[in-house]
Every structure is written in structure tokens, then in C-alpha cells.
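Okay, here's what each chain looks like letter by letter:
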Amino acid sequence: MPAFEFWNDAGATIHPVSMADYLPRPQLREVQLHRLKVVVERAYTHVPLMRQRMDERCFKPEDLRTLADIAKLPFTVKADLRDTYPFGLFASPLSDIVRLHASSGTTGKPIVVAYTQNDMEVWKNVIMRTMAAGGVRRGDILQNAYGYGLFTGGLGVHYGAEALGVTVIPISGGNTDRQLMVLQDFGVTAITCTPSYFLHIADEAAKHGIDMQKLSLRVGFFGAEPWTEEMRQRIQSLACIRAYDIYGLSEIIGPGVAAECQEQCGLHIFEDHFYPEIIDPDTGKTLPDGATGELVLTTLSKEAMPMLRYRTRDISQLVAEPCACGRTLRRLRRISARSDDMLIIRGVNVYPTQIEAALLKVDAVLPHYQITVTREHDLDQMDVQVEVLPAYFSDEVKSLEALRRRIGEAIEHTTGVRARVQLVEPNTVKRSEGKAQRVRDLRKLK
Ligand code: DLL
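Numbering of residues begins from 1 in every chain and follows the order in which that chain's sequence is written. Two thresholds apply to this predicted model, a pLDDT of at least 70 for residue-level local features and 80 or more for giving and counting side-chain atom pairs, whereas whole-chain, interface and lining totals are computed over all residues. Remark: hydrogens and water are excluded; side-chain values derive from all non-hydrogen atoms of the structure.

Chemist: Before we go on, may I ask you to explain the overall build of the protein chain in this structure?
Modeler: Only runs of H or I of at least four residues qualify as helices and only runs of E of at least two qualify as strands under DSSP, and these elements are numbered from the N terminus. From N to C terminus, the protein chain includes 11 helices and 21 strands. Here the C-alpha radius of gyration of the protein chain, 23 Å, is about what a compact globule of 446 residues would show, namely 22 Å. Counting only C-alpha atoms, the protein chain reaches 75 × 55 × 40 Å along its principal axes. In the protein chain, buried positions account for 54% of the 446 residues. The contact criterion used throughout is that any non-hydrogen atoms of two residues lie within 4.5 Å. A fraction of 64% describes how many contacts in the protein chain between residues 6 or more apart in sequence connect residues 24 or more apart. Only the protein chains shown count as cover for residues, and the accessible areas themselves come from Shrake-Rupley with a 1.4 Å probe. Total accessible area on the protein chain is roughly 19,600 Å²; 52% of this is exposed by carbon and sulfur atoms. Both charge centroids of the protein chain, one from 54 positive and one from 56 negative side chains, sit 1 Å from each other. For a compact globule the rule gives 2.2 Å times the number of residues to the power 0.38, and the radius of gyration it is set against comes from C-alpha atoms. Only protein chains enter the accessibility calculation, which uses a 1.4 Å probe. A residue is then buried if its area is under 20% of the maximum for its type, exposed if over 50%, and partly exposed in between. Counted as positive: Lys and Arg. Counted as negative: Asp and Glu, with His and the chain ends omitted from the count. One atom stands in for each charge, and that atom is NZ of Lys, CZ of Arg, CG of Asp or CD of Glu.

As C-alpha cells, this is what we get:
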């Protein structure tokens, strides 16, 4: 194997599992095209819905000659998984499937996803590369606080971290007192959980007089929900760790579709296994690198459930410029929002992450908030409840009022919408052990 696959530009040794991170782009594209042809053929042969969709477009697998031809393939959407519930999109017989996971939808039945033994190897591979990109290696002790079970977070991270030689503590989500005990007593150096749950753990630590900065914890991989750069800064300074973003979704594999390197400047997509496109969500047209739009992913190596052009509903951008780390994989900008999460308030589009960014720019604000939207006298009303430092409650009312005004202005400045702000004491807003529910849209109930 050529030497470049073992060294990065800085001359540092690359862990063998990460070699694919540094493939020269032309070679990577060759791998992608080869795998794409195989996966399209597989979907056409084994998944009736995909064959029907391709037939409707008069598209045959052999029409795929270049990577650009991917645009000729039909999209797959979440409803396709629901409509074929539970096993209708499987391309392997059940006897070849070694794992099932399911993602709970907001309504009705969950979606079911499947893995063959080879799929499990791919999953392990991308998690190993994720961990390695954040500087985690053999000798590290990982507290895996993503939920174990049907959710892909816990078990997905588990096997990849183990394969890398890391000591994994399968603690799952919840039982925060026990999380704190383990964090302190087991010499934990790395943690995986949602950013909101990490904040909850940190809060509880403070209540128990535990100084997070004095623990051996060095790094965290946070994902499964949208979070902002402002939140990263809070987490990093609170616990004196490096906080990396990890992205993924059940339909594609689970965690490990993309992850940040130590540059913390976008998430490298494991492009040898997942082919990304950004599209205009309204027209479905593919957009160039750098443009903002909906992320569409095609699995290049999945056997049990190949996904062709899956519309994720996640809004992002592709960054093609080389990263200082030397990886040749393109990056995904931090997922700013899900199109499903977009609130339309008095005609203005507002994303919860915009509110988070506005709130956390104000020093006195704690990273716990809830957005409630109602309709009063036919007019949309947005209420933001946010925790602030306790000192403000013992202070003169005037300073509390000034702070409220300052937060209100920050929200209006960022979103263009005026919100009613309610300042509350620490530990008032409901905490989450998994994905945080930041928004309550009560208009939908009417
Ligand atoms: O949340 C998989 C996962 C587990 C990712 C652990 C990272 C860590 P689902 O439950 O199917 O799978 O939810 C997928 O969560 O489409 C995004 O909207 C959102 N999401 C996941 N990671 C991020 C992230 C897992 N880093 C959905 N930033 C996705 C923003 C994220 N949103």
C-alpha cells in the first residue's frame, strides 16, 4: 500500500482505520462510483419500491456511469419507511440481518432499520474514525451515556469504541447520580451523550459540589440534536474539555455519518460510505458546495437497507476547502436546524438554534431554555423561558428587568421576531436525558 495512506501531511502517523480519511479525492471518487453502482443494483434487484421508482423514471442501474448521474435517481423520504413498515425496504433476507434498531417517530409507528454483519463492520469503522479524529485511543475510558436499546446512539458508539481498544462503560442515559459517581471514580477521559444531557450532568455536579474541571474528563462527542457554537464554548469552559460534534441518523446508519476533527471546523463526512448532496428543498435541485440547503445522503456500502438519496430534512452546507487536519473528506457545516423544526412566527421563519445562539451571547444566561409558541387573538406569540444566574434574583428588580430587555433585544436582533422573555431561576426548565424538547408549539393542538 502506498506510503501516503499511513501518514498525514504533517507527517503524523495515521491510525490504520483512518486511512480512508486521507485518500486523494480522485481515488475516493473511484471508490464512491464503484460502490454506488453496486448499491443501486442491489436496491433495484431486492427492494420493490426502489425498483418501481427507478422504472417510473425509465432508469436502469446500468445508466449510472458517473457520480453526477446520481441526480437521476429518485429520492427516498421518511414516509417511505413508514409506508413499508416494518421490513419493506430490506435488501437482505432476515437470516442475514444481525441487528434491528428503531427510531420513534413523533406520530404512530416507529421506523425500523437493519444491519447485516458487514453493515456492523462499516458502523464500527466510522465510529473508530470518529473517536480517532477527536484524539481518543486505546487507554482512554469512555462513559457512553447515549441511550442503549432501540435508539442507535448507545450500541452504535459502543462497538466502534470497543473496536478501537477504548475501555467502554455502557452506562446508557439517565440515573445522573450514578453518572457522576462513575465520572469521578473510574477515571473517565471521554464521554458521549447529547449536549443537553451533558449540561444536566454538569448541573448536578455543581449541586453536589463536584468540580467538573478537576475530573480526568478530556473530551466529549456530542450529537443527536442540534446545538450551537455558543453551546460548545459553554460546555468546553464549564468542564475544561474539548467538545466535538457527531452527526448521524438511523435511516443511514446511526451515529457516525460525519464527525469533527480536532480543528472543530465542520464535520468530516465519511464519504467512502455515505455520499452527500445538498439540495434546494423546494425544487429538489442539487446545489453546489457552499450553498445552504437540505442534506441528502446515499449509503454506498449498506447491505441490509440501502438508502438512495435519502432526504434528511437537516439543513447544512458542504465545505470542499481542504481542512487543516489533512483529511480529504469534505465537511458538513454544523447542522443548523431541521426543516421540520422551523417555526413560522407571524410569517417569519425562526429556528430554535437561532434563539439558542442569541441567548448564549448574554453572559448571565444559563444554557437551559424552552420556547413556547401560542396563538393569541389570531396572532402568533413566542415565549422564551430562560434560566439566569442566581445572583440576578437577589439583586434589585431593576437589573433583572434590564437583563430581560437585553435578552429580548438579542432574540429580536437574531430572529427578527419579538419574544416575551421570562427569566427563571436555575433548575426550573425541564432537563432531558436524551434529545432535548426545546420547543412547545401549542398552536398545533388547536
Ligand atoms: O440521533 C443518531 C445519533 C446518535 C447521532 C448519537 C449522533 C449521536 P436519530 O434518532 O435517527 O439518530 O435522529 C437523527 O437527529 O436527522 C438530526 O436531525 C438530528 N441530529 C443527529 N446528530 C445531530 C447533530 C440519531 N450532531 C436526527 N447536530 C438527524 C444536529 C443532529 N442534529
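Chemist: What am I meant to see in the pattern of salt bridges here?
Modeler: Take a side-chain nitrogen of Lys or Arg and a carboxyl oxygen of Asp or Glu: if they are within 4 Å of each other, that pair is a salt bridge. Applying the stated rule across the entire model yields 34 salt bridges. Note that Asp-380 is salt-bridged to Arg-443, the shortest N-O span being 3.2 Å. Of the two residues, Asp-380 is situated in strand β19 (residues 379-388) and Arg-443 in the segment after β21 (439-441); the sequence distance between them amounts to 63 residues. Both residues of the pair, Asp-380 and Arg-443, belong to the buried class. In the salt-bridge network here, residues are joined through shared partners; they are Glu-229, Arg-232, Asp-245, Glu-260 and Arg-334.

Chemist: When you look at the site of the ligand in this model, what are you seeing that I'm missing?
Modeler: In the vicinity of the ligand there are 20 residues, among which Asp-245, Ile-246, Ser-250, Asp-314 and Lys-435 approach most closely. The backbone of Glu-225 places a nitrogen or oxygen atom 3.3 Å from a nitrogen atom of the ligand. Here an oxygen atom of the ligand sits 2.5 Å away from a polar atom, N or O, in the side chain of Ser-250. Secondary-structure elements contributing two or more residues to the shell around the ligand are α5 (152-163) and β7 (242-249). Counting residues per element, the shell around the ligand draws most heavily on β7, which supplies five residues. Broken down by class, the residue content of the shell around the ligand amounts to nine nonpolar, five polar and six charged. Any residue with a non-hydrogen atom lying within 4 Å of a molecule or strand is treated as near it. Side-chain atoms alone can form a polar contact between residues adjacent in sequence; in general such a contact is a pair of N or O atoms within 3.5 Å, and within protein one must be able to donate a hydrogen while the other accepts it. Under this grouping Gly is polar, as are all residues other than the nonpolar Ala, Val, Leu, Ile, Met, Phe, Trp, Tyr, Cys and Pro and the charged Asp, Glu, Lys and Arg.

Chemist: Would you take a moment to explain helix α9 (residues 352-360) for this structure?
Modeler: Most of α9 sits inside the fold, with eight of its nine residues counted as buried. Every buried residue belonging to α9 is among Pro-352, Thr-353, Ile-355, Glu-356, Ala-357, Ala-358, Leu-359 and Leu-360, and all of these are buried.

Chemist: What is the right way to read the pairing of β19 from this model?
Modeler: With seven of its 10 residues buried, β19 lies for the most part within the structure. Should DSSP find at least two bridges between two strands, the strands are regarded as paired. Sheet topology places strand β18 (residues 365-376) next to β19; nine bridges connect them, and they run antiparallel. Residue pairing across strands places Val-373 opposite Met-382, the latter belonging to β19. Here five bridges tie β19 to strand β20 (residues 420-424), and the two strands are oriented parallel to one another. Following the sheet pairing, Gln-385 is matched in β20 by Gln-422.

Chemist: How should the sheet that holds strand β12 (residues 310-316) be read in this particular structure?
Modeler: Sheet strands pair via backbone hydrogen bonds, and the direction of the pair is either parallel or antiparallel. What the four strands build is an open sheet, ordered β10-β11-β12-β15; its pairing is antiparallel. Lying at the two open borders of the sheet, with one neighbouring strand each, are β10 (274-279) and β15 (337-338). When β10 meets strand β11 (residues 293-299), the two strands line up antiparallel, connected through six bridges. When the sheet's bridge partners are listed, Tyr-275 is paired in β11 with Thr-298.

Chemist: Quick question: what am I supposed to make of the pairing of strand β2 (residues 111-116) here?
Modeler: Two faces make up the sheet, and in a regular strand the side chains alternate between them. Summarising burial for β2: six of the six residues are buried, a large majority. Alternating positions in β2 separate into two faces, Ile-111, Val-113 and Tyr-115 on one and Val-112, Ala-114 and Thr-116 on the other, with burial throughout. Relative to β2, strand β1 (residues 97-103) runs antiparallel, the two sharing six bridges. Residue pairing in the sheet places Ile-97 in a bridge with Thr-116 of β2.

Chemist: It is not clear to me how a nonpolar patch on the surface should be interpreted in this structure. Could you clarify?
Modeler: Surface patches are defined over residues having more than 30% relative accessible area and no salt bridge, joining like charges when they lie within 9 Å and nonpolar side chains (Val, Leu, Ile, Met, Phe, Trp, Tyr) when within 5 Å. Taken together, Phe-87, Leu-94 and Leu-100 make up a surface patch of nonpolar side chains, about 260 Å² in accessible area. Of note, Leu-94 is situated in the loop between α3 (78-83) and β1. Owing to a relative accessible area of 49%, Leu-94 belongs among the partly exposed residues under this scheme.

Chemist: What exactly am I supposed to notice about helix α2 (residues 48-56) here?
Modeler: Note on helix geometry: an α-helix contains 3.6 residues per turn, so any two residues three or four positions apart are oriented the same way. Restricting attention to buried positions, one finds in α2 the residues Leu-49, Met-50 and Met-54. Down the axis of α2, the buried side of the element spans an arc of 130°, and every buried residue falls inside it. Projecting away from the buried face of α2 at angles above 90 degrees are the exposed residues Pro-48 and Glu-56. Where α2 is buried, its residues meet α1 (25-46) and α3. This arc corresponds to the set of directions leading from the helix axis out to the C-beta atoms.

Chemist: Would you mind showing me how to read the packing of aromatic side chains here?
Modeler: Given two aromatic rings, one states the distance between the centres and the angle between the planes to describe the pair. Centre distance within 6.5 Å is the pairing criterion for rings of Phe, Tyr and Trp, where only the six-membered ring of Trp is used; planes under 30 degrees apart are then read as stacked, over 60 as edge-to-face, and the remainder as tilted. Within this structure, the stated rule accounts for six aromatic pairs. Taking the centre distance of 4.6 Å and the plane angle of 0° together, the rings of Tyr-115 and Trp-123 count as stacked. A network of ring pairs unites the aromatic residues Phe-198, Phe-222 and Trp-227 as a single cluster. The lysine or arginine in question, Arg-51, covers the ring of Tyr-44, its NZ or CZ lying 5.4 Å from the ring centre. Lysine and arginine charges are scored as sitting over a ring when NZ or CZ, respectively, is within 6 Å of the ring centre and within 35 degrees of the ring normal.

Chemist: Looking at this structure, how should I read the packing of α9 against helix α11 (residues 397-415)?
Modeler: Lines fitted to C-alpha atoms define the axes, with helix axes restricted to the stretch in contact, and inter-axis angles between N-to-C directions lie between 0 and 180 degrees. Where α9 contacts α11, the axes come no closer than 9 Å and their chain directions differ by 140°. Taken together, the axes of α9 and α11 lie oblique to each other. You can see that α9 and α11 cross each other, and the crossing is right-handed. Contact with α9, carried on its side by Gln-354, Ile-355, Ala-358 and Leu-359, involves Ile-407, Ala-410, Ile-411, Thr-414 and Thr-415 of α11 and no other residues of that element. A class-by-class count of the residues in the contact of α9 with α11 yields six nonpolar, three polar and no charged. By definition in this entry, angles of less than 35 degrees are roughly parallel, angles greater than 145 are roughly antiparallel, angles of 65 to 115 are roughly perpendicular, and the rest are oblique. In this scheme, a crossing is called left-handed if the near helix is turned counterclockwise away from the far one by less than a right angle; it is called right-handed if the turn is clockwise.

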